[in-house]
Amino acid sequence: MQLTIEHQTQYVYSESVPYTIQQLRLTPRSDPRQQVKQWEIKVAGQLTPFEDAFGNQAHTLVIDHPHQALLITVSGEVDTRQAQSSPADALPLALFLRETPLTQPDDAIAGFVQAFAHAPALEMMQALRERMQYSKGATQVTTPAALAFQLGKGVCQDHAHAFIACCRSLGWPARYVSGYLFTEDGSLMQTHAWVEVWQHDAWLGLDVSNGKVVDETHIKLAVGLDYRSASPVTGSRMGGGLEGMASVVSVNRQAALSEAERHARLQQLHAQAQAAQQ
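Keep in mind it's a predicted model, so treat the numbers as computed, not measured.

### Some thoughts on the overall build of the protein chain
Scanning the protein chain for helices and strands turns up six helices and 16 strands. Radius of gyration (C-alpha) of the protein chain: 19 Å, near the 19 Å computed for a compact globule of 278 residues. Projecting the C-alpha coordinates of the protein chain onto the three principal axes gives extents of approximately 55 × 40 × 35 Å. The contacts of the protein chain with a sequence gap of at least 6 include a subset with a gap of at least 24, amounting to 75%. Accessible surface computed for the protein chain: about 12700 Å², of which carbon and sulfur atoms make up 50%. For the protein chain, the distance from the average site of its 20 positive side-chain charges to the average site of its 27 negative ones is 0 Å.

### Comments concerning the sheet that holds strand E15 (residues 233-238)
As summarised here, the arrangement of the four strands in space is E4-E5-E2-E15, forming an open sheet in which the pairing is antiparallel. Taken across any chain shown, the strands that pair with only one partner, and hence form the sheet edges, are strand E4 (46-51) and E15. Strand after strand, the sheet turns through a mean of 20° between neighbouring axes, direction not considered. Where strand E2 (residues 19-27) meets E15, six bridges bridge the pair, whose relative direction is antiparallel. By the bridge assignment, Gln22 is partnered in E15 with Gly235.

### Notes on the pairing of strand E5 (residues 57-63)
Sheet analysis places E2 next to E5, joined by six bridges and oriented antiparallel. Each bridged residue has a counterpart across the sheet, and for Thr20 the counterpart in E5 is Ile63. Summarising the sheet, E4 and E5 pair through six bridges and their orientation is antiparallel. Bridge pairing links Leu47 to Leu61 in E5. The antiparallel hairpin formed by E4 and E5 contains five residues in its connecting segment, where Gly55 sits at a positive phi of about 85°.

### Details of the side chain of Ser229
Here Ser229 is to be found in helix H5 (residues 227-230). The exposure class assigned to Ser229 is buried, which follows from its relative accessible area of 14%. Setting aside chain neighbours within four positions, we find Ser229 in contact with Arg25, Asp52, Phe54, Asn56, Val223 and Gly224.

Criteria and cut-off values
- Residues numbered from 1 in each chain as written.
- Predicted model: local features only at pLDDT ≥ 70, side-chain atom pairs only at ≥ 80, totals over all residues.
- Heavy atoms only, no water.
- Helix = DSSP H or I, 4+ residues; strand = E, 2+ residues; numbered from the N terminus.
- Rg over C-alpha atoms; globule rule 2.2 N^0.38 Å.
- Contact = heavy atoms within 4.5 Å.
- Areas by Shrake-Rupley, 256 points an atom, 1.4 Å probe, with all protein chains shown as cover.
- Lys, Arg positive; Asp, Glu negative; His and termini not counted.
- Charge placed at Lys NZ, Arg CZ, Asp CG, Glu CD.
- Pairing = 2+ DSSP bridges.
- Axes fitted to C-alpha atoms, helices over the stretch in contact; angles between N-to-C directions.
- Buried < 20%, exposed > 50% of the residue type's maximum accessible area, 1.4 Å probe, protein only.

What follows is the structure, given as structure tokens:
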């Protein structure tokens, strides 16, 4: 499947920012599941590429002149294919058994997983999905797996963290994946998250929010122990007062957006970021 991606992230500030530094994990790697045909990051700053500790392609962004807005634009084309699993990489599997504050299981999660100790990972995924409904606004990016599991609701990030907690409780190495998802109706306008769990000597990709094995509709950006180590954008700034941020993603099988469509979308995005200032 040939997919075209456009992803814009807009920041606005109530006061001037003299210095910004960020890490961008916004560049996919080619692998047996996906072949990157073209990819570009546009931003008014200095980009320095590097490979992070998990083997992700990343960039350090530095802006050392005064600014009151920051727009990061990503665009590219990726050919994807059906491949349910991928082989091991250079990192030791034991690394992905490590608990983090966002994926640490509690007694409730430890009790939940006991019924699936000898069951397929797919079965545990479906049971977790039934227990945790998809609900926007119920959690934050800092919500740990145990709390989201207790609430019984969350978004893709929460589903991924809770499932990782379940897998690691059973001694199954598992890692967080950030990326994009193609939907026929274009309903998903944000980045997506899913899990890779080590099963039968390979990484099996499972999309808990959608209750399915990862397929050609998924584009992987980065992997990590949790959201923090695979987040598309992280960083800090000096000054700036109140910050507002908004982002929008387009993944389709057609040509890129027209200039008129892109201009209209950027205007709307800027207005959303201003409304989100806090």
